[in-house]
Amino acid sequence: MKKEVTYIQLWLKSNGYDACIIPQADPHQSEYIENHYRLISHFSGFTGSAGTLVVTTSKALLFTDSRYHIQASLQLKGSGIELMKCGLPDVPSPEKWLSTEMNGSKVAANARLFSIKRWAELSEAVNMCDDAGFETLWRNRPALCDSTVYIHDVIFSGESVESKLTRVRAIIKEQEAGYAIASNLDDIAWLLNIRGGDVECNPVVRCFVIVTLSECTIFIDNSKITASAAEYFTKHGIGVRSYDDIDEALKGCEGTALYDENALNQHLFLLIKERRKINLPLYIARLRAVKNSVEIEGYHRAMINDGVVWVRFYKWFNESLESDSRITEIDVMDKLRELKAEQELFVDESFGTIAGYAAHGAIGHYAATDESNAIIERKGLLVIDTGTHYLCGTTDTTRTLVCGTLTDEEKRDYTLVLKGHIALGTAVFPKGVKGSQLDILARQFLWNESMNYGHGTGHGVGHLLNVHEGYAWLRPSENNIGYEPGLTMTDEPGIYREGKHGVRIENTVLVVPYSKSEFGEFLTFEHLTLAPYAIGAIDLNLLTADEKRFLNNYNNNLKNKLKPYLSDSEYEFLETIAYEI
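One structure accompanies this document, and this report is about it. (Residues numbered from 1 in each chain as written. Predicted model: local features only at pLDDT ≥ 70, side-chain atom pairs only at ≥ 80, totals over all residues. Heavy atoms only, no water.)

**Considerations on the overall build of the protein**
Here is step 1: Of regular secondary structure, the protein possesses 18 helices and 28 strands.
Here is step 2: In summary, the protein has a C-alpha radius of gyration of 24 Å against a globular reference of 25 Å for 581 residues, a match within 12%.
Here is step 3: Going through the 581 residues of the protein one by one, you find that 58% of them count as buried.
Here is step 4: Accessible area for the protein stands at about 23200 Å²; split by element, carbon and sulfur atoms hold 47% of it.
Here is step 5: For the protein, the separation between the mean place of its 58 positive charges and that of its 79 negative charges on side chains is 2 Å. (Helix = DSSP H or I, 4+ residues; strand = E, 2+ residues; numbered from the N terminus. Rg over C-alpha atoms; globule rule 2.2 N^0.38 Å. Buried < 20%, exposed > 50% of the residue type's maximum accessible area, 1.4 Å probe, protein only. Areas by Shrake-Rupley, 256 points an atom, 1.4 Å probe, with all protein chains shown as cover. Lys, Arg positive; Asp, Glu negative; His and termini not counted. Charge placed at Lys NZ, Arg CZ, Asp CG, Glu CD.)

This is the structure we're talking about:
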């Protein structure tokens with residue numbers, strides 16, 4: 001057994017526990033977290049962004065979803081930790097496994113790292129005890145990040161702090177609450193028009209906020225407040241208290257608390273548990289998910305920036321391959337970041353670029369390392385999933401590139417994924433439809449061939465916030481979110497053949513009005529992404545006339561929009577890869 005796990009097992013026995021549960025989480029229930037909170041990575045060696053580690057006195061299990069099955073298999077090899085591939089038949093969830101194998105056992109966990117909802121689910125199976133003593137076994141643990149606050153100007157956000165607070169206070173009144181607790185970092189950044197750099201590739205700052213009908217207070221480390229930020233908070237009537245003051249502040253709050261059980265952690269919940277309380281999931285998330293006209297215009301501007309990057313990258317990539325230059329996956333990642341940084345309003349990448357060549361393309365969230373870094377040959381497919389934060393918006397795009405000679409299987413796989421991408425991206429649907437109702441459109445051509453992919457087909461995209469917005473999703477499972485105009489989503493089906501190749505095609509899309517009739521209001525998607533598809537990977541015999549028409553219209557649109565920003569040679573190159581079929 002991995003020595004770090006063995007240390008936990010000794011701690012469990014010494015402290016009278018049967019097991020401990022370690023989530024991939026921070027006190028704000030963020031998807032992406034500071035290195036300080038990457039407990040799973042330290043204790044198991046698994047570096048994916050989703051998972052739960054369960055350690056008992058005799059065994060250890062890592063539960064993770066299909067995006068990370070291949071990666072986890074590789075990273076856990078020889079560790080003695082059993083991989084539980086969630087989503088596969090007969091593989092239980094952590095709570096189901098605990099209910100069957102550890103029912104009623106005494107289990108240690110850090111209540112600050114579990115949402116109210118998640119703690120309750122686990123408590124139905126075992127006796128959950130708030131004890132994070134095992135975390136002290138992590139020697140030389142990384143310190144918390146020390147980024148400072150910067151202001152996200154209203155010329156980019158499109159709405160003032162006062163207006164946003166007014167909308168939140170209207171919800172407080174409607175719910176007959178006394179105050180609202182905001183703990184999700186994206187919610188707070190949006191609400192106060194602030195940004196930071198506490199989480200890699202996520203421009204957020206570690207803090208909590210309490211809003212009453214007359215006051216707003218942010219709880220944040222004083223070291224994060226610059227002179228300009230202090231002036232900004234004073235100007236907008238926002239009180240500032242220390243991050244650690246949140247416990248005492250909640251104990252002293254009067255009236256009914258409004259919160260989101262998916263975002264507020266169990267530790268803070270216990271401080272208000274004995275009073276009347278109202279759970280209202282996603283009450284701020286919905287406000288930020290529906291983009292205003294300024295934000296939408298910002299997305300268009302960001303996509304032009306990214307479109308220029310893609311064209312320049314394709315040109316460099318093709319010329320390098322033709323000259324037999326030695327290109328690796330890390331070279332691809334470095335070149336993309338270099339080209340992005342040259343663009344106006346660039347802030348950061350919105351996640352670490354995935355550049356997976358050949359078999360690495362079948363690893364959903366592959367991250368090239370010095371050890372795994374593959375040389376790209378003049379054959380096969382290269383999956384590139386990359387995104388950018390600009391002050392005006394956030395992008396997320398995946399393209400599968402042709403590196404040279406392709407097999408019939410590779411071309412067929414690419415074409416089937418593309419057909420699903422087009423079917424979803426051209427759909428017309430009633431307002432209020434849910435992602436689970438649309439998901440089959442992207443999978444239908446793969447299902448017809450007895451093929452499938454394990455990840456969701458789409459997710460919301462934040463505006464200079466988390467690239468996975470966490471509100472509206474597009475996947476088989478239900479999340480009860482009805483689609484409405486202004487949502488920014490992704491359309492990203494894929495297929496993954498372990499040990500051989502992967503294909504994924506992704507555009508960021510905007511939900512827009514389509515028509516109104518006696519049957520109600522209908523919506524569709526506007527494709528925001530401006531990046532050429534790999535025409536050379538398509539089996540044209542499998543495309544319908546309508547699908548060819550979509551591709552031709554898409555290519556004409558991207559050429560028209562990008563031409564003013566490209567040199568003559570760049571545009572000439574674009575015409576050679578974005579041609580009519």
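**What about the sheet that holds strand E16 (residues 354-357)?**
Here is step 1: Here 3 strands make up an open sheet; going across it, the order is E16-E17-E20 and the pairing antiparallel. Looking along the sheet, the strands with just one partner apiece sit at the ends: E16 and strand E20 (397-402). The mean angle between the axes of side-by-side strands here comes to 15°, regardless of whether they run parallel or antiparallel.
Here is step 2: With 4 bridges connecting them, E16 and strand E17 (residues 381-386) associate as antiparallel partners. For Tyr357, the partnering residue across the bridge sits in E17 and is Leu382. (Pairing = 2+ DSSP bridges. Axes fitted to C-alpha atoms, helices over the stretch in contact; angles between N-to-C directions.)

**Considering empty space enclosed by the protein**
Which parts of space are left empty comes out when a probe the size of a water molecule is rolled across the atoms.
Here is step 1: The full count for this structure, using the stated rule, is 3 cavities of 30 Å³ or more.
Here is step 2: Approximately 60 Å³ is the volume found for the largest cavity.
Here is step 3: Along its surface, the largest cavity is lined by Ile181, Ala182, Ser183, Asn184, Asp187, Asp260, Ala263, Leu264, Leu282, Tyr283 and Ile284.
Here is step 4: Looking at the lining of the largest cavity residue by residue, the class counts come to 7 nonpolar, 2 polar and 2 charged. (1 Å grid on protein atoms, 1.4 Å probe; cavity = no way out; pocket = protein on both sides within 12 Å on 5 of 7 lines; lining within 4 Å. Points joined across faces, edges and corners; volume = space filled by probe spheres on them. Nonpolar A, V, L, I, M, F, W, Y, C, P; charged D, E, K, R; others polar.)

**Considering unusual backbone geometry**
Here is step 1: At Leu345, a residue that is not glycine, the phi angle is positive and equals roughly 70°.
Here is step 2: As for its position among the elements, Leu345 is in the loop between helix H14 (329-341) and strand E15 (346-349).
Here is step 3: For Leu345, a relative accessible area of 18% translates into the label buried.
Here is step 4: Phi angles above zero are rare outside glycine, and Ala358 is one such case at about 55°.
Here is step 5: Relative to the elements of secondary structure, Ala358 occurs in the loop between E16 and E17.
Here is step 6: When its relative accessible area of 24% is taken as the criterion, Ala358 is described as partly exposed.

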